[in-house]
Amino acid sequence: METTENTQTTSTPFPNLPPIIESDDREYNDTGVPSTVAIAGHPLHPLSVIFPIAFLAAALGSDFGYWLTKDFFWARASFWLIGLGLAGGVLAALIGLSDFMKIERVRKRQAGWAHLILNVSVLVLTLVNFLIRLGDIESRILPWGLLISLVVGTLTSLSGWFGAELSYRHKIGVVGAGSKRYP
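Here we look at helix 7 (residues 141–169)
Right, so step 1: The first and last C-alpha atoms of helix 7 sit 39 Å apart over 29 residues, in line with the 42 Å expected at 1.5 Å per residue.
Right, so step 2: Count one or two residues on from helix 7 and you reach Lys 171, which has phi positive near 55 degrees.

Focus: the nonpolar core
Right, so step 1: Membership of the largest hydrophobic core comes to 15 residues, with the highest contact counts inside it found for Ile 103, Val 106, Val 122, Val 152, Phe 162 and Ile 172.
Right, so step 2: Put simply, the parts of the chain that give this core at least two residues each are helix 6 (110–133) and helix 7.
Right, so step 3: At five residues, helix 7 tops the list of elements feeding residues into this core.
Right, so step 4: Ignoring anything within four residues of it in the chain, the contact list for Ile 172 reads Val 33, Ile 103, Arg 105, Val 106, Leu 166 and Ser 167.

Details of the packing of helix 4 (residues 72–102) against helix 6
Right, so step 1: Axis separation between helix 4 and helix 6 bottoms out at 9 Å; the angle between their running directions is 150 degrees. It follows from the interaxial angle that helix 4 and helix 6 lie roughly antiparallel. Relative to helix 6, helix 4 is oriented so that their crossing is left-handed. Seen from helix 4, the contacting residues are Ser 78, Phe 79, Ile 82, Gly 83, Leu 86, Gly 89, Val 90, Ala 93, Leu 97 and Phe 100; seen from helix 6, they are Gly 112, Trp 113, Leu 116, Leu 123, Thr 126, Leu 127, Asn 129, Phe 130 and Arg 133.
Right, so step 2: The class makeup of the residues in the contact of helix 4 with helix 6 is 12 nonpolar, six polar and one charged.

Quick look at the pattern of salt bridges
Right, so step 1: Taken as a whole, this structure holds three salt bridges when the rule is applied.
Right, so step 2: Where Asp 63 meets Arg 133, a salt bridge forms, and the shortest distance between an N and an O atom there is 2.7 Å. Of this pair, Asp 63 sits in helix 3 (residues 50–69) while Arg 133 sits in helix 6; the two residues are 70 residues apart in sequence, bridging distant segments of the chain.
Right, so step 3: Between Lys 108 and Glu 104 there is a salt bridge, and its shortest N-O distance comes to 3.7 Å.
Right, so step 4: Classification of Lys 108 as partly exposed rests on a relative accessible area of 42%.
Right, so step 5: Among the residues examined, Glu 104 registers a relative accessible area of 17% and is labelled buried.

Reading the values: the criteria
- Residues numbered from 1 in each chain as written.
- Predicted model: local features only at pLDDT ≥ 70, side-chain atom pairs only at ≥ 80, totals over all residues.
- Heavy atoms only, no water.
- Helix = DSSP H or I, 4+ residues; strand = E, 2+ residues; numbered from the N terminus.
- Expected span 1.5 Å × (residues − 1).
- Core = buried A, V, L, I, M, F, W, Y, C linked by side-chain atoms within 4.5 Å.
- Buried < 20%, exposed > 50% of the residue type's maximum accessible area, 1.4 Å probe, protein only.
- Contact = heavy atoms within 4.5 Å.
- Axes fitted to C-alpha atoms, helices over the stretch in contact; angles between N-to-C directions.
- Parallel < 35°, antiparallel > 145°, perpendicular 65-115°, else oblique.
- Left-handed = near helix turned anticlockwise from the far one by under 90°.
- Nonpolar A, V, L, I, M, F, W, Y, C, P; charged D, E, K, R; others polar.
- Salt bridge = Lys/Arg side-chain N within 4 Å of Asp/Glu carboxyl O.

Encoded structure:
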């Protein structure tokens, strides 16, 4: 019995995980759609999200640190990390919103809408978390501050997954010369 090694598949070759929402092999196989906000062709949105994500993840950690130790250091650290995460998140959101508004392919993908809605939710919850601590950064951590930080961490992870779907599966915001509409 002879097997054929030249069998061609129609599924997306990479990433080899099934899409959470949708997939389009035409987009995967084209050259990609460049970001509308870039320096020397390098997209700024992926660069701009690094610090807000790190700050908000660290705020969750410092909230847990406060819960375990009741040390005021952790309360103060959380407050500053949330404030910095909020400021950086607003900047990243403005850059990402520019791509969302200018690149039709993003708006045509459910992953684009999920990424947008999750990030808006993260920013609103982060603002609430910051405001409830304003004036008394220690007493507001337990239980609401910690709970909000936990929800923000979870939503940030989900949003990051959909952002990666946009970049790696739909080739949006990458170096490329593809159509901003369809391949």
